[in-house]
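# A look at the structure
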Amino acid sequence: MGEIIYKTLIRFLFLIIIIWLTKNYFDEKLFWILSVLSFYFFLIHPAYLSYQRFIESNRNIVISTLCSSCKHFDKSAILCTKYDKHPTEDFIPCEGTDWEPK
Ligand code: SF4
């Protein structure tokens with residue numbers, strides 16, 4: 001999740017620079033239309049697709065692992081907050097010894 005936010009912020013920075021550099025090449029009305037479209041196609045839509053891929057690739061971990069029912073599991077980051085590690089379908093950082101119900 002942090003990677004999605006990081007990449008989106010980097011794209012946002014580049015987009016602002018590009019928009020600022022190209023502002024004199026268009027009239028004001030076209031400039032705003034292109035700005036809104038570029039924000040959607042280069043910022044919002046890629047972030048949304050990345051988020052959908054993140055959700056899809058971690059669906060099994062959130063649904064069917066031991067960690068998913070533990071109070072130390074943060075499903076927004078797929079993170080064990082007690083061990084500060086990312087559980088997977090094959091890897092449980094505490095090996096079940098520190099599991100606590102939500
Ligand atoms: S304490 Fe153990 S069971 Fe709970 S989230 Fe962390 S690794 Fe998973």
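Residues numbered from 1 in each chain as written. Predicted model: local features only at pLDDT ≥ 70, side-chain atom pairs only at ≥ 80, totals over all residues. Heavy atoms only, no water.

## Brief notes about the packing of helix α1 (residues 2–22) against helix α2 (residues 28–57)
Quick note on the threshold: Where helices are involved, their axes are fitted lines through C-alpha atoms of the stretch in contact, as for all axes, and angles between N-to-C directions lie from 0 to 180°. Helix and strand assignments come from DSSP, with helices taken as H or I runs of at least 4 residues and strands as E runs of at least 2, each series counted from the N terminus. What sets the label is the angle itself: under 35 degrees gives roughly parallel, over 145 gives roughly antiparallel, 65 to 115 gives roughly perpendicular, and the rest give oblique. Left-handed describes a crossing whose near helix is turned anticlockwise from the far helix by less than a right angle; the clockwise case is right-handed. Residues count as neighbours in contact if any of their non-hydrogen atoms are within 4.5 Å of one another. Throughout this entry, Asp, Glu, Lys and Arg are counted as charged residues, while Ala, Val, Leu, Ile, Met, Phe, Trp, Tyr, Cys and Pro are counted as nonpolar. The remaining residues, Gly among them, count as polar.
Relative orientation of the contacting elements α1 and α2 amounts to 165 degrees, with a least axis distance of 10 Å. Looking at the two axes, α1 sits roughly antiparallel to α2. Where α1 crosses over α2, the handedness of that crossing is right-handed. Residues Ile4, Thr8, Arg11, Phe12, Leu15, Ile16 and Ile19 of α1 pack against Phe31, Ser35, Ser38, Phe39, Phe42, Leu43, Pro46, Ala47, Ser50, Tyr51 and Phe54 of α2. Within the contact of α1 with α2, the residues separate by chemical class into 13 nonpolar, 4 polar and 1 charged.

## Brief notes about α1
An α-helical turn contains 3.6 residues, so a residue and the one three or four places further along point in the same direction. In plain terms, the rule: Expected helix span is taken as 1.5 Å per residue step, with the number of steps being one fewer than the number of residues. Burial classification: accessible surface area is computed with a 1.4 Å probe over protein chains only, and a residue below 20% of its type maximum counts as buried, one above 50% as exposed, and the rest as partly exposed. In this description, one arc is meant: the one made by directions from the helix axis to the C-beta atoms.
The terminal C-alpha atoms of α1, which comprises 21 residues, lie 30 Å apart, in line with the 30 Å expected from a rise of 1.5 Å per residue. Residues Ile4, Thr8, Leu15 and Ile19 constitute the buried set of α1. Across the axial projection of α1, the buried residues extend over an arc of 30 degrees, all falling on one side. Residues of α1 that are exposed and point more than 90 degrees away from the buried face comprise Glu3, Tyr6, Leu9, Phe14, Trp20 and Leu21. Where the residues of α1 are buried, they touch α2.

## Here we look at the pattern of salt bridges
Short version of the rule: Any carboxyl oxygen of Asp or Glu within 4 Å of a side-chain nitrogen of Lys or Arg constitutes a salt bridge here.
All chains considered together, the criterion is met by 4 salt bridges. One salt bridge connects Glu3 with Lys7, and the closest N-O pair in it is separated by 2.9 Å. Here the residue Glu3 and the residue Lys7 both occupy positions in helix α1, the gap between them amounting to 4 residues, near one helical turn. Since its relative accessible area comes to 41%, Lys7 is described here as partly exposed. In this structure, Glu56 and Arg59 form a salt bridge, with 2.9 Å as the shortest nitrogen-oxygen distance. On the basis of relative accessible area, Arg59 is assigned to the partly exposed category, the value being 39%.

## A short note on the domain arrangement of the protein chain
Filter applied, for reference: Residue ranges for the domains trace back to a domain assignment, done automatically or taken from a database.
Domain parsing of the protein chain yields domain 1 (2–57) and domain 2 (61–102). For domain 1 and domain 2, the distance between their C-alpha centres works out to 34 Å.

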